Amino acid sequence: MQSYQKEFIELARGHDVLRFGEFTLKSGRVSPYFFNAGLFASGAALAALGRCYADRIVDSGVEFDVLLGPAYKGIPLAAATAVALSDRHGRDVPFAYNRKEAKAHGEGGMLVGAPLEGKVLVIDDVITAGTAVREVITMIEEAGASLAGVAIGLNRQERGAGELSAIQEIEQAHGIPVLSIIDMAHIIDYLESQGDPDGALQGMQEYRGKYGV
Ligand code: OMP
C-alpha cells in the first residue's frame with residue numbers, strides 16, 4: 001500500500017467518510033461499509049483529499065487537458081485536485097464542472113468553468129454499478145470532447161451485470177483507465193494490519209466473497 005493510500009483511509013475514518021455497519025446501496029445490495037465523500041467537510045480535509053487525488057493522477061501518468069467535476073459531489077473534489085496539482089506538482093490545469101439544470105440567463109448552459117475540449121479527466125467519489133459515471137461520459141461526448149480517464153476515491157470492486165466489475169466494463173468499453181486512490185482490498189488489508197479495530201473484517205470478507213471481483 002502506498003503512503004497516500006494509508007493516509008486516505010485514515011483521513012476517511014477520521015471524518016466518518018468511511019463507516020462500517022449495514023448500508024443499502026443504490027444497487028440495492030446491503031453493504032457492511034459505506035463511503036460518504038460529502039463528509040470531507042473542512043478546509044484541511046479537502047486539502048488533504050486534493051493531495052491524494054493529485055498524487056494518484058500524477059503516479060498514473062494519465063494524459064489529459066481538463067479536469068471535470070460532475071455535479072454535485074465531484075465539484076469540490078475536482079476543485080481540490082486542481083489546487084493540489086498546481087501547488088504540489090506545478091501543473092496549472094483547466095477545471096470545469098456541470099450544473100444539474102441548465103440556466104437560461106447569465107452565462108447559460110450546463111457547463112461552468114474551462115471549456116470542455118480535448119481529453120477530459122473526470123474526478124468523482126465512488127463507482128459501484130457505474131450509473132452516475134455513464135451519464136458524465138455521455139455529457140463529455142455531447143460536448144465534442146473525449147474521455148481521458150476517471151479518477152475516484154474508492155473502487156468498491158463489485159461485479160456489475162456480468163462477471164466484470166462496473167469499472168472493468170467502463171475501462172473496456174471506452175479504452176480508458178479508471179484510477180482509484182483505494183480499492184476495497186486496501187480497506188481489508190488495512191483492517192487486518194490494525195487488528196480489526198471495528199470488528200468489521202468478517203463482514204467485509206463475506207461481502208467480497210458474494211459480490212466481489
Ligand atoms: P453507481 O452510480 O452505482 O456507480 O454508484 C455511485 C454512487 O453510489 C455514488 O456517487 C454515491 O451516490 C453512492 N455510493 C456512495 O457514495 N458510497 C458507497 O460506498 C456506495 C454507494 C452506492 O450507493 O453504491
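Residues numbered from 1 in each chain as written. Predicted model: local features only at pLDDT ≥ 70, side-chain atom pairs only at ≥ 80, totals over all residues. Heavy atoms only, no water.

- In the nomenclature of an unreviewed UniProt entry, the chain corresponds to Orotate phosphoribosyltransferase from the organism Parahalioglobus pacificus.
- The record in UniProt for the chain states the following under Subunit (unreviewed entry): "Homodimer."
- What UniProt records for the chain under Sequence similarities (unreviewed entry) is the sentence "Belongs to the purine/pyrimidine phosphoribosyltransferase family. PyrE subfamily." (UniProt positions renumbered as here; feature names shortened; annotations may be inferred.)

### Things to note about the confidence of the model for the chain
Okay, so step 1: Mean pLDDT for the chain: 93, with 97% of residues reaching 70 or above.
Okay, so step 2: The ipTM assigned to the predicted complex is 0.94, against a pTM of 0.92. (pLDDT = per-residue confidence, 0-100.)

### Overview of helix 4 (residues 131-142)
An α-helical segment advances 3.6 residues per turn. Residues three or four places apart therefore align on the same side.
Okay, so step 1: The end-to-end C-alpha distance of helix 4 is 17 Å, a good match for the 16 Å that twelve residues give at a rise of 1.5 Å each.
Okay, so step 2: Directly after helix 4, the chain includes Gly144, whose backbone phi takes a positive value near 85°. (Helix = DSSP H or I, 4+ residues; strand = E, 2+ residues; numbered from the N terminus. Expected span 1.5 Å × (residues − 1).)

### A closer look at the packing of helix 1 (residues 3-14) against helix 6 (residues 184-193)
Okay, so step 1: The contact between helix 1 and helix 6 brings their axes to 11 Å, and the two run at 80°. Between helix 1 and helix 6, the angle falls in the class roughly perpendicular. In this structure, helix 1 contributes Gln5, Lys6, Ile9 and Glu10 to the contact, and helix 6 contributes His186, Ile187 and Tyr190. (Axes fitted to C-alpha atoms, helices over the stretch in contact; angles between N-to-C directions. Parallel < 35°, antiparallel > 145°, perpendicular 65-115°, else oblique. Contact = heavy atoms within 4.5 Å.)

### Some points on the packing of aromatic side chains
Okay, so step 1: Per the stated rule, a full pass over the model turns up six aromatic pairs.
Okay, so step 2: Taken together, a centroid distance of 5.8 Å and an interplanar angle of 35° make the contact between Phe23 and Phe34 tilted. One end of the pair, Phe23, is in strand 1 (residues 18-24); the other, Phe34, is in strand 2 (residues 30-35), with eleven residues separating them in the sequence.
Okay, so step 3: Take Phe23: its relative accessible area is 15%, and that puts it in the buried class.
Okay, so step 4: Using a relative accessible area of 29% as the deciding quantity, one classes Phe34 as partly exposed.
Okay, so step 5: Among the aromatic residues, those joined into a cluster by ring pairs are Phe8, Phe35 and Phe40.
Okay, so step 6: Above the plane of the ring of Tyr33 lies Arg156, whose end atom (NZ or CZ) is 4.2 Å from the centre. (Phe/Tyr/Trp six-rings, centres within 6.5 Å; stacked < 30°, edge-to-face > 60°. Buried < 20%, exposed > 50% of the residue type's maximum accessible area, 1.4 Å probe, protein only. Lys NZ or Arg CZ within 6 Å of the ring centre and 35° of its normal.)

### Some points on the site of the ligand
Okay, so step 1: Neighbouring residues of the ligand: 13 residues in total, closest Lys26, Phe35, Thr128, Gly130 and Arg156.
Okay, so step 2: Asp125 is positioned such that a nitrogen or oxygen atom in its side chain is 3.3 Å from an oxygen atom of the ligand.
Okay, so step 3: Thr131 places a polar main-chain atom, nitrogen or oxygen, 3.3 Å from an oxygen atom of the ligand.
Okay, so step 4: Contact with the protein chains removes 89% of the 500 Å² of surface that the ligand exposes when unbound.
Okay, so step 5: At a threshold of 2 Å from the grid points, most atoms of the ligand map onto the largest pocket.
Okay, so step 6: In terms of residue count, the dominant contributor to the shell around the ligand is strand 6 (residues 119-127) (three residues).
Okay, so step 7: Split into classes, the residues belonging to the shell around the ligand amount to seven nonpolar, three polar and three charged. (Near = heavy atom within 4 Å. Polar contact = N/O pair within 3.5 Å; in protein donor to acceptor, adjacent residues only side chain to side chain. Areas by Shrake-Rupley, 256 points an atom, 1.4 Å probe, with all protein chains shown as cover. 1 Å grid on protein atoms, 1.4 Å probe; cavity = no way out; pocket = protein on both sides within 12 Å on 5 of 7 lines; lining within 4 Å. Sits in = over half its atoms within 2 Å of the grid points. Nonpolar A, V, L, I, M, F, W, Y, C, P; charged D, E, K, R; others polar.)

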